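Listed here are the chains, written in short residue letters.
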Amino acid sequence: MCGIVGIIQQTESKIGNEIIEALTKLEYRGYDSVGVASVANGELIIVKDEGKIAEVLEKIDLDSIKGRVAIGHTRWATHGPPSKENAHPHVDCKKQISVIHNGIIENFQQLKNELLEQGHVFQSETDTEVLPHLIEQFLEEEKVSLEEAIIKTVERIEGTYGICVISTLEPDKIFCAKKDSPLVIGINDNRMFCASDIPAFLSYTQEVVLLHDDEFVTISKDNYEIIDLKTGETITRKPYTVSWKPEMAQKAGFPHFMLKEIHEQPNTLADYIRIEQPSILKIAEKIYEAEKVFLLAAGTAHYSTLTGQNLIRRFVKKPCSSVIASEYELIKNLIDEKTVIVPVSQSGETMDTIMAIKNARELGATILSAVNIVGSTVTRHSDEVLYLYAGPEIGVAATKTYTAQTLAMWDIGLELGKISGELDNDEYEMYRTNFKNIPSIVKQTIVHNEARANHIASWFAKKNSSFYLARSLNLQTAREGALKMKEIAYIHSEAYPAGESKHGPIALVEEDYPVVFVTPQDQTRKLIVGNIMEMKARGATAIAVLEEGDKEMEELVKWKFEIPKGYSEMFSTIPYVVPLQLLAYYTAVRRGYSPDQPRNLSKSVTVL
Ligand code: M6R
């Protein structure tokens, strides 16, 4: 949560546009308030306010923000509600030190009490504000350098943090520290950057240095020095070039990132298929050899792991469960060195997932992850990593990374089927051919269903509640569709096993109540007809995602989304979710909401 960015340029000149441009790329991390600090003419300039960047921009003059260094923050509130006072950056009493922070300082109250006793005056309710005051306290009390005062401060705090500090005392440097919150450095001939995520500076550079936990960095206009805070030693780490292109972090003519990302799916899935990953075989072998397998994830990623769970059960006939990362405690006493954990995550920074895998690792488990962001925390705690190659996903609602995660589960599943002998050579090759056809099926699905989604959305947008029903494999499709509708259109949507819906939920159904059915031509097809009839008998309006040409189903429902024929029904969880992404998107737009920045959410959930 929260996006942080820092920029150092060659001279003291205008820097407002650059810092806001970078912050805009991080707004998916939080958007309830925004702030910038720079040092100009030996003084700190602080501009901050409640609201999204666009709203705050209306009130400020960007050209007035000058400096050689600047830091910026876009907030997802934890300590204290969204307000101008609680917006970062925060400053010390003398207004010499300015700090932005992503994470949570767990011992802030104790530190704040100590600082209050020393006479420090606080302006906000945030945990972060203890940082500039503590730095100030060390400077005054111990007469140390600014760098030493920041290091001493970092040593006193408990919790999670990505921190950037600028000061009038050293107006040409940015000091950063990291623990359990992401921080990367970007290097360009004219500017140096630090940020929570690469898209912040992608339009300037693809040269990146990843920071690790317990590292402290001093960045100057043409250098960076990393210190390992545990040993005090200087670390040499060369930049690497990311494959992401600058346009990947732009909307490319689409009104929202979410719509762009839905449309990108044929390409992202094709990229995943095209790029060979040696880790796939190692991952499949280790899962095959393991005694116990748990897939671990949160939110949308959790739904993708349900495909993994079903495939492992099917192709290895091994007990295996998908576990919601925040419920890891329930399986903790089952973890040992014969256990494999498969964390799945877009960001690789989800705190629930990270905490679970760290503990599982300590208990001896092998960690085999599927992650989108290269070098993220989950990857660093993994024995093997399968990358999703979905590119940057800026819309808060996951779309292209969900289909990539599900495809990755299939990739693992097919290798397992081969190793275990559950799939003979012909079957394996048949499935692999189907696998390669998925991008084209998804492309046709988008073309066939986008206008329909927009049309149905005009009716859906007037509803307050809905059901998404399916059976077997596609229950996760229903869940993901319902989650999308909830998180961006704010319509309460509940996914349920269709067969179970008569055991309670059906009580909510009344005239014209929306019920979305996911109905591929698989073994569930016959039974789901009965469930549609039950709902219709109570007045429900039925919508189905069905296979092209399924006349019987078409007649049962008011509206249909059609999925092209010609691929194994087993892969249906990928194309069948796409119309539900489009339906949620258009419903949100028709209700007047911003699908890219839904209220109360953040793309990267780095709190427990
Ligand atoms: O980065 P991760 O995949 O670990 O994130 C997990 C969830 O926070 C994420 O999928 C969330 O549910 C999205 N908002 C879904 O659209």
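A quick note: this is a predicted structure, and the numbers were derived from the prediction, not measured. (Residues numbered from 1 in each chain as written. Predicted model: local features only at pLDDT ≥ 70, side-chain atom pairs only at ≥ 80, totals over all residues. Heavy atoms only, no water.)

**Thoughts on the side chain of His88**
Okay, step 1: Assignment of secondary structure puts His88 in the loop between β4 (66-75) and β5 (90-91).
Okay, step 2: Polar side-chain contacts of His88 include one of 3.3 Å to the side chain of His73.
Okay, step 3: Only 3.4 Å separates the side chain of His88 from the backbone nitrogen of His101, close enough to count as a polar contact.
Okay, step 4: Beyond its immediate stretch of four places on either side in the chain, His88 contacts Val34, Gly35, Val36, Lys48, His73, Arg75, Ile100, His101 and Thr128. (Helix = DSSP H or I, 4+ residues; strand = E, 2+ residues; numbered from the N terminus. Polar contact = N/O pair within 3.5 Å; in protein donor to acceptor, adjacent residues only side chain to side chain. Contact = heavy atoms within 4.5 Å.)

**Topic: the site of the ligand**
Okay, step 1: Around the ligand lies a shell of 14 residues, among which Ser345, Gln346, Ser347, Thr350 and Glu487 are the nearest.
Okay, step 2: Interatomic distance of 2.6 Å between a side-chain N/O atom of Ser345 and an oxygen atom of the ligand.
Okay, step 3: The contact in question runs from a nitrogen atom of the ligand to an N or O atom on the backbone of Val396, over 3.4 Å.
Okay, step 4: Contact with the protein chains hides 91% of the accessible area of the ligand, taken as 410 Å² for the molecule alone.
Okay, step 5: For the shell around the ligand, the secondary structure elements donating two or more residues are α8 (299-316) and α13 (475-489).
Okay, step 6: Element by element, the count of residues in the shell around the ligand is highest for α8, at three residues.
Okay, step 7: For the shell around the ligand, the residue count by class is six nonpolar, six polar and two charged. (Near = heavy atom within 4 Å. Areas by Shrake-Rupley, 256 points an atom, 1.4 Å probe, with all protein chains shown as cover. Nonpolar A, V, L, I, M, F, W, Y, C, P; charged D, E, K, R; others polar.)

**Some details on the packing of helix α6 (residues 257-274) against helix α16 (residues 578-590)**
Okay, step 1: Remark: α6 packs on α16, axes separated minimally by 10 Å, with the N-to-C direction vectors making an angle of 165°. Here α6 is positioned roughly antiparallel relative to α16, judged by the angle of their axes. Of the two possible hands of crossing, α6 and α16 adopt the one that is left-handed. Here α6 contributes Met258, Leu259, Ile262 and Gln265 to the contact with α16, which in turn contributes Val578, Gln581, Leu582, Tyr585 and Tyr586.
Okay, step 2: Here the contact of α6 with α16 is composed, by residue class, of seven nonpolar, two polar and no charged. (Axes fitted to C-alpha atoms, helices over the stretch in contact; angles between N-to-C directions. Parallel < 35°, antiparallel > 145°, perpendicular 65-115°, else oblique. Left-handed = near helix turned anticlockwise from the far one by under 90°.)

**Quick word on the domain arrangement of the chain**
Okay, step 1: When the domains of the chain are assigned, the result is domain 1 (3-249), domain 2 (251-423) and domain 3 (442-596).
Okay, step 2: Here domain 1 and domain 2 have C-alpha centroids that lie 32 Å from each other.
Okay, step 3: Tallying the contact residues gives 17 residues for domain 1 and 15 residues for domain 2.
Okay, step 4: Taken together, both faces of the contact between domain 1 and domain 2 bury some 1400 Å²; the carbon and sulfur share is 61%.
Okay, step 5: At the boundary of domain 1 with domain 2, the tally comes to one salt bridge.
Okay, step 6: Taken together, the connections running from domain 1 to domain 2 amount to three residue pairs in polar contact (both at pLDDT 80 or more).
Okay, step 7: Tallied by class, the residues present in the side of domain 1 that touches domain 2 amount to 10 nonpolar, two polar and five charged. (Domains from an automatic or database assignment. Buried area = accessible area lost by both parts, 1.4 Å probe. Salt bridge = Lys/Arg side-chain N within 4 Å of Asp/Glu carboxyl O.)

**A short note on the pattern of salt bridges**
Okay, step 1: All chains considered together, the criterion is met by 34 salt bridges.
Okay, step 2: In this structure, Glu21 and Lys25 form a salt bridge, with 4.0 Å as the shortest nitrogen-oxygen distance.
Okay, step 3: Residue classification places Glu21 among the partly exposed positions, given a relative accessible area of 30%.
Okay, step 4: Note that Lys358 and Asp180 form a salt bridge whose closest N and O atoms lie 2.8 Å from each other. You can see Lys358 sitting in helix α9 (residues 351-362) and its partner Asp180 sitting in the loop between β8 (174-179) and β9 (184-187), a full 178 residues away along the chain.
Okay, step 5: By relative accessible area, which is 3% here, Asp180 ends up buried. (Buried < 20%, exposed > 50% of the residue type's maximum accessible area, 1.4 Å probe, protein only.)

**Considerations on α9**
Okay, step 1: Between its terminal C-alpha atoms α9 stretches 17 Å, which fits the 16 Å expected from 12 residues at 1.5 Å a residue.
Okay, step 2: Every buried residue of α9 is listed here: Met351, Asp352, Thr353, Ile354, Ala356, Ile357, Asn359 and Ala360.
Okay, step 3: Lining the buried residues of α9 we find β7 (159-167), β16 (292-297), β18 (339-345), β19 (366-371) and α10 (377-380).
Okay, step 4: Downstream of α9 by a residue or two, Gly364 has a phi angle that is positive, lying close to 100°. (Expected span 1.5 Å × (residues − 1).)

**What about the sheet that holds strand β23 (residues 514-519)?**
Okay, step 1: Overall, parallel pairing links the five strands, which are arranged β22-β21-β23-β24-β25 in an open sheet. The strands lining the two open edges of the sheet, one partner per strand, are β22 (492-497) and β25 (559-563). Ignoring strand direction, the axes of neighbouring strands in this sheet form an average angle of 20°.
Okay, step 2: Strand direction decides the pairing type here: strand β21 (residues 465-470) and β22, joined by six bridges, are parallel. Of the residues in β22, the one forming a bridge with Ser465 is His492.
Okay, step 3: Running over the sheet, helix α12 (residues 425-460) touches β21, β23, β24 (541-547) and β25 and is turned about 160° from β25.
Okay, step 4: Contacts from α13 reach β21, β22 and β23 within the one sheet, and its direction differs from that of β22 by about 175°. (Pairing = 2+ DSSP bridges.)

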